[in-house]
Amino acid sequence: MALKCKELSLRSNKGGAGIDEQSIADFERELKNNLYKIWNRMSSGSYFPPPVRTVSIPKSGGGLRKLGIPTVGERIAKMVVKLYLEPEVEDRFHPDSYGYRPGKSALDAVGQARERCWKYDYVINLDIKGFFDNLEHSLIMRTVKKHTDSEWILLYLERRLKASIQLEDGTLVERDRGTPQGSVISPVLMNMTLDGLESLLKTNFPRWGGKMVNLTCFADDFIITGKSKEILENEVKPLVTEFLKQRGLQLSESKTRITHIDDGFDFLASNIRKYGGKLLIKPSRQNVQAFLAEIKTTVRENLHIPVEKLLLLLNPKIRGRAMFHRATVSKEVFSYVDYRIFCELKHWMRRRHPG
């Protein structure tokens, strides 16, 4: 096992410091020695992952989402495990799974959903309740062992899953289930856990039976399209519910719904709807409102800085959102968002230069 400096490409994530308060810059001051320590301990089986510091961030739909912030050394350890484990399992995942996989993106998932909506009349939009918080450790380890027999990977993952978390008040809490959201290894574990759902659907709803359905998923957000509302409600949903139950998971009833394509549905920050013989895709209302709230917060928390620095904060957010919706956004939505951003900048100017 070799630790290469390229693993420090995670520098681009610009994450906060872990419980040891060591920054990436601090780690790099003794880069060679620090990398050697990690390599030596992982390869000898004496590496024990430190607790993960957790922070709460607001969710676009309300409530809080807990993110785990590991130490710099632990980020590198997880990246190494990901780089070794991912190639061993990647070719086993079904092609309609797009979540955090090499060469696949949320845009690809939205495009696939669009294609499916031309052929089917109904869609069930499924959301797993607290996926990262509720994954059973024993299930994860059984799943991983089916894909690799590398002892150092298995030992690391078992210890990583059991490592405690540090709450925002400094309290250490032991963990008997779940994996920190935001970890580079968590999406791989997620895809491994959910692998097999497409095969299950194809077995129970074969093409020649007239009841064929299709799955499109991105991590724990997925839709299943079908010709009949009754099939989705009475056959598909119970089947998926049982599949998740066997993995210690359950659907979020408030976010799981069956919709006719003409009425539209939200999937990965986009709204897909068939209207007048055309299939329309635009940013979901919830996504637009969350983005505008982010712009408003950025502007109003930075009334003291020069306009040049404010634009340096805003432009990456605006550019990133525009790139994601570049193939789907309507002129009306662009105009509305542009107007709201203009109003926030006007507010900023008035506060900076009253009178």
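Data block above holds the structure.
Residues numbered from 1 in each chain as written. Predicted model: local features only at pLDDT ≥ 70, side-chain atom pairs only at ≥ 80, totals over all residues. Heavy atoms only, no water.

In this section: the overall build of the chain. Scanning the chain from terminus to terminus reveals 13 helices and 11 strands. Relative to the 2.2 N^0.38 estimate, which gives 20 Å for 355 residues, the radius of gyration of the chain is 23 Å and therefore close to what a compact globule would have. Within the chain, the fraction of its 355 residues that count as buried is 45%. Accessible area of the chain: about 19,200 Å², with a carbon and sulfur share of 51%. Taking the 58 positively charged and 43 negatively charged side chains of the chain as two groups, their mean positions are separated by 4 Å. (Helix = DSSP H or I, 4+ residues; strand = E, 2+ residues; numbered from the N terminus. Rg over C-alpha atoms; globule rule 2.2 N^0.38 Å. Buried < 20%, exposed > 50% of the residue type's maximum accessible area, 1.4 Å probe, protein only. Areas by Shrake-Rupley, 256 points an atom, 1.4 Å probe, with all protein chains shown as cover. Lys, Arg positive; Asp, Glu negative; His and termini not counted. Charge placed at Lys NZ, Arg CZ, Asp CG, Glu CD.)

Okay, the side chain of H147 next. With respect to the secondary-structure elements, H147 resides in helix α6 (residues 137–147). Note on H147: relative accessible area 13%, which makes it buried. A distance of 3.0 Å separates polar atoms of two side chains, one belonging to H147 and the other to R92. When near neighbours in sequence (up to four residues on either side) are disregarded, H147 contacts E88, V89, R92 and M192. (Polar contact = N/O pair within 3.5 Å; in protein donor to acceptor, adjacent residues only side chain to side chain. Contact = heavy atoms within 4.5 Å.)

What follows covers the side chain of T216. With respect to the helices and strands, T216 occurs in strand β6 (residues 214–218). Judged by relative accessible area, T216 falls into the buried class, the value being 1%. A distance of 3.2 Å separates a polar atom in the side chain of T216 from a polar atom in the side chain of R116. Once residues within four sequence positions are removed from consideration, T216 is found in contact with D96, Y98, A109, Q112, A113, R116, D221, F222, I223 and F267.

Now for the nonpolar core. Ranked by internal contacts, the top residues of the largest apolar core, which has 69 residues, are L157, I224, V236 and V240. Per-element tally for this core: the top contributor is helix α3 (residues 72–89), with seven residues. Membership of the second largest hydrophobic core comes to 12 residues, among which are V288, L292, V299 and V333. (Core = buried A, V, L, I, M, F, W, Y, C linked by side-chain atoms within 4.5 Å.)

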